[in-house]
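# Coordinates in review
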Amino acid sequence: MKHHHRVLAMLSLLSIITYIDRVCIGVAGPRMQDALHISPQAWGWVASVFFLSYSAFEIPTGALGDRIGPRRVLTRIVLWWSAFTSLTGAVTNYFVLLFVRFCFGMGEAGAYPNAAAVIGRWIPPLQRTRAWGIVWMTGQIGAAVSPLLVLPIQARYGWRAAFFLFGFLGIVWAAVWYSWFRDSPAEKAGVTPAELQEIGPPGAMRHGGMPWARALRQPTFWKFAAIGATYVYSLGFYQFWLQTYLVRGHGYSEAALALSSLTYAIGACANVTGGLAGDWLVRRHGLRIGRRSLGAFGLSVAAVCMGATTLAPNGTWALVFLSLAYGGILLQQPSLCAMSLDIGRLHAGAVFGFMNMTANAASALSSVVFGYIVALTGSYNAPLVPMAALLCAGAWLWMQIDPTHQLFEDEKALAA
């Protein structure tokens, strides 16, 4: 196996652990709300503080990875969030839970921007969309297995035990990553000259800080970030509210929550399909059409299915439509992530970090709005309406963006 394939395997394991830890609290949510006496409005803030801190630290942590390398930065990230995953299982009241989840988000921030930096340094250019598809797919595998792991653990040992166990997984990954990974393929023993040539020149290792003033003046930069915000507004629901929606909105039993794994399994298939299709479309039709077509199609499907969920006659059909909407969202996700490399080149980590910051700020808003809309209307379907509208806006934005426009044209020669 080539070394860049092993690097991708390590990123995939990281993505699995990330989503196990994220979705764990969603699965445990109904029990936690009962045990800690948390209302729907208050529960929304538990998710929101995570997304707020996560979004606030995306840019500095992504930029730090660009400057000092993702080896050290990812090690710190994973150790930090693993500690606060375990501490979630030790909380005794609502306000301590808010503090722990804020710190959890602060620690996890920068994981995917630094994954972008790793992909930019280690993965050949024509394989990067595929690589993102695999990374996101394995994240959905982590999300899919999370209910299957959490439900039996909390049935036997209580909801706290799952958090203690899952925190340990990240510590093991961080130890292996720091001892094995190197920031540059040229620094890694055993990488052959042929593989170095396949990966490409190490130009992305040499750059200064992110030229923010120039980036912020460019429409492409803002459109890229806005696409992320339009669909991640809905993703927060799938990571935090889905199981509560099924239990409180459609009367699912705790045992029946295992069916929510199917949603994440569909997401995993959509991610890898989107990665493969994205690379194929770019090769066949060029960067502009290849990126745009898949992105607009995925979010259009998601918008239609999200709207259909509000009209579903029962909980089974609601889960089917929600799963298809999730698939549409994740079909286009690898193409958007690959675009951070298209337009950002040497500064892909910081560019991705800005997009992820705005996207997770949208998720923070979504998590709070969901709880308040439920309290106001008494309906768990009502909060899905703004999600469908934003997905429509995202599909339109995809058709307005030009991924061939590099943000920093004068650095093109170094990045090539």
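Computed from a predicted structure; not experimentally measured. (Residues numbered from 1 in each chain as written. Predicted model: local features only at pLDDT ≥ 70, side-chain atom pairs only at ≥ 80, totals over all residues. Heavy atoms only, no water.)

## Quick word on the overall build of the protein
Secondary structure assignment for the protein yields 17 helices and zero strands. Computed over C-alpha atoms, the radius of gyration of the protein comes to 20 Å, within 12% of the 22 Å expected from 2.2 N^0.38 for 416 residues, which places it in the range of a compact globule. Overall, the C-alpha framework of the protein stretches about 55 × 45 × 40 Å when taken along its three principal axes. A total of 416 residues make up the protein; the buried ones form 60% of that total. Taking the contacts inside the protein whose residues are at least 6 apart along the sequence as the reference set, 85% of them involve residues at least 24 apart. Entry remark: accessible area of the protein is about 15,000 Å², with carbon and sulfur atoms responsible for 69%. (Helix = DSSP H or I, 4+ residues; strand = E, 2+ residues; numbered from the N terminus. Rg over C-alpha atoms; globule rule 2.2 N^0.38 Å. Buried < 20%, exposed > 50% of the residue type's maximum accessible area, 1.4 Å probe, protein only. Contact = heavy atoms within 4.5 Å. Areas by Shrake-Rupley, 256 points an atom, 1.4 Å probe, with all protein chains shown as cover.)

## What to know about unusual backbone geometry
Backbone geometry at His37 places phi at a positive 55°, although glycine is not the residue there. By the element assignment, His37 lies in the loop between helix H1 (3-36) and helix H2 (40-56).

## Focus: the pattern of salt bridges
Evaluated as defined, the whole model comprises six salt bridges. Notably, a salt bridge pairs Arg31 with Glu254, separated by 2.9 Å at the nearest N-O pair. Linking Arg31 in helix H1 with Glu254 in the loop between helix H11 (219-250) and helix H12 (260-285), this pair joins segments that are 223 residues apart in sequence. (Salt bridge = Lys/Arg side-chain N within 4 Å of Asp/Glu carboxyl O.)

## Some thoughts on the environment of Leu281
Structurally, the position occupied by Leu281 is in helix H12. Looking at Leu281, the relative accessible area reads 14%, which means it is buried. Residues Leu281 and Leu294, spaced 13 residues apart in sequence, show a C-alpha to C-alpha distance of 8.2 Å. With residues up to four places along the chain from it excluded, the contact list for Leu281 reads Gly286, Gly290, Ser293 and Leu294.

## Notes on the packing of helix H4 (residues 70-88) against helix H8 (residues 159-180)
Where H4 meets H8, the closest approach of the two axes is 7 Å, and the angle between their N-to-C directions is 165°. With respect to H8, the element H4 is oriented roughly antiparallel. Crossing handedness for the pair H4 and H8: left-handed. Of the residues in H8, those in contact with Pro70, Arg71, Arg72, Leu74, Thr75, Val78, Leu79, Ser82, Thr85, Ser86 and Thr88 of H4 are Trp159, Phe163, Phe164, Phe166, Gly167, Phe168, Gly170, Ile171, Trp173, Ala174, Trp177 and Tyr178. Here the residues of the contact of H4 with H8 sort into 14 nonpolar, seven polar and two charged. (Axes fitted to C-alpha atoms, helices over the stretch in contact; angles between N-to-C directions. Parallel < 35°, antiparallel > 145°, perpendicular 65-115°, else oblique. Left-handed = near helix turned anticlockwise from the far one by under 90°. Nonpolar A, V, L, I, M, F, W, Y, C, P; charged D, E, K, R; others polar.)

## Considering the environment of Ile266
Counting through the fold element by element, Ile266 comes out in helix H12. Owing to a relative accessible area of 34%, Ile266 belongs among the partly exposed residues under this scheme. When the C-alpha positions of Ile266 and Ala225 are compared, they lie 25 Å apart, and in sequence the two are 41 residues distant. Those residues in contact with Ile266 that lie beyond four places of it in its chain are Ser323 and Gly327.

## Thoughts on the packing of helix H7 (residues 128-157) against H8
It is the contact of H7 with H8, at a shortest axis distance of 6 Å, that shows an interaxial angle of 125°. Taken together, the axes of H7 and H8 are oblique relative to one another. As H7 packs across H8, the resulting crossing turns out to be right-handed. Across the interface between the two elements, Leu149, Val150, Ile153, Gln154 and Tyr157 from H7 touch Trp159, Ala161, Ala162, Leu165 and Phe166 from H8. Each residue belonging to the contact of H7 with H8 can be placed in one class, and the counts come to nine nonpolar, one polar and no charged.

## Some thoughts on the nonpolar core
The nonpolar side chains of soluble globular proteins are, as a tendency, buried together. Trp132 and Phe237 are the most contacted members of the largest nonpolar core, which has 135 residues in total. If one sorts the elements of this core by residue count, H11 sits on top with 17 residues. Leave out the neighbours within four places in its chain, and Phe237 touches Leu242, Tyr245, Leu322, Phe370, Leu384 and Met387. (Core = buried A, V, L, I, M, F, W, Y, C linked by side-chain atoms within 4.5 Å.)

## So, H1
For H1, spanning 34 residues, the distance from its first C-alpha to its last is 47 Å, which sits close to the expected 50 Å at 1.5 Å a residue. The largest bend along H1 reaches roughly 60° and is located at Gly29, with the proline Pro30 sitting one to four residues downstream. Of all 34 residues in H1, 26 are buried, a share of seventy percent or more. The first or second residue beyond H1 is His37, which carries a positive phi of 55°. (Expected span 1.5 Å × (residues − 1). Bend = angle between axes of the 7 residues up to and from the residue.)

## Here's the deal with the side chain of Glu195
Mapping Glu195 onto the fold places it in helix H9 (residues 193-199). Notably, Glu195 is buried but unbridged: the nearest opposite-charge side chain belongs to Lys2, and the N-O separation is 6.7 Å. (Lys, Arg positive; Asp, Glu negative; His and termini not counted.)

## Thoughts on the packing of aromatic side chains
Within this structure, the stated rule accounts for 27 aromatic pairs. Ring geometry for Trp122 and Phe181: centres 5.9 Å apart, planes at 45°, overall tilted. Of this pair, Trp122 sits in helix H6 (residues 111-122) while Phe181 sits in the loop between H8 and H9, and the two are 59 residues apart along the sequence. One residue, Arg22, lies across the ring of Tyr19, its end atom 5.1 Å from the ring centre. (Phe/Tyr/Trp six-rings, centres within 6.5 Å; stacked < 30°, edge-to-face > 60°. Lys NZ or Arg CZ within 6 Å of the ring centre and 35° of its normal.)

## Side note on the confidence of the model for the protein
Mean pLDDT for the protein: 89, with 96% of residues reaching 70 or above. Throughout residues 203-207 the model reports pLDDT below 50, and contacts reaching past four residues in sequence, or to other chains, amount to twelve contacts. A low-confidence stretch, residues 412-416 (pLDDT under 50), is modelled with eight contacts involving residues beyond four sequence positions or located in other chains. (pLDDT = per-residue confidence, 0-100.)

## Describing a nonpolar patch on the surface
A cluster of nonpolar side chains, contributed by Leu79, Phe168, Ile171, Val172 and Val176, occupies part of the molecular surface with about 420 Å² of accessible area. Ranked by residue count, the leading element in the nonpolar patch is H8, at four residues. With respect to the helices and strands, the residue Leu79 is situated in helix H4. (Patch = residues over 30% accessible without salt bridge, like charges linked within 9 Å, V, L, I, M, F, W, Y side chains within 5 Å.)

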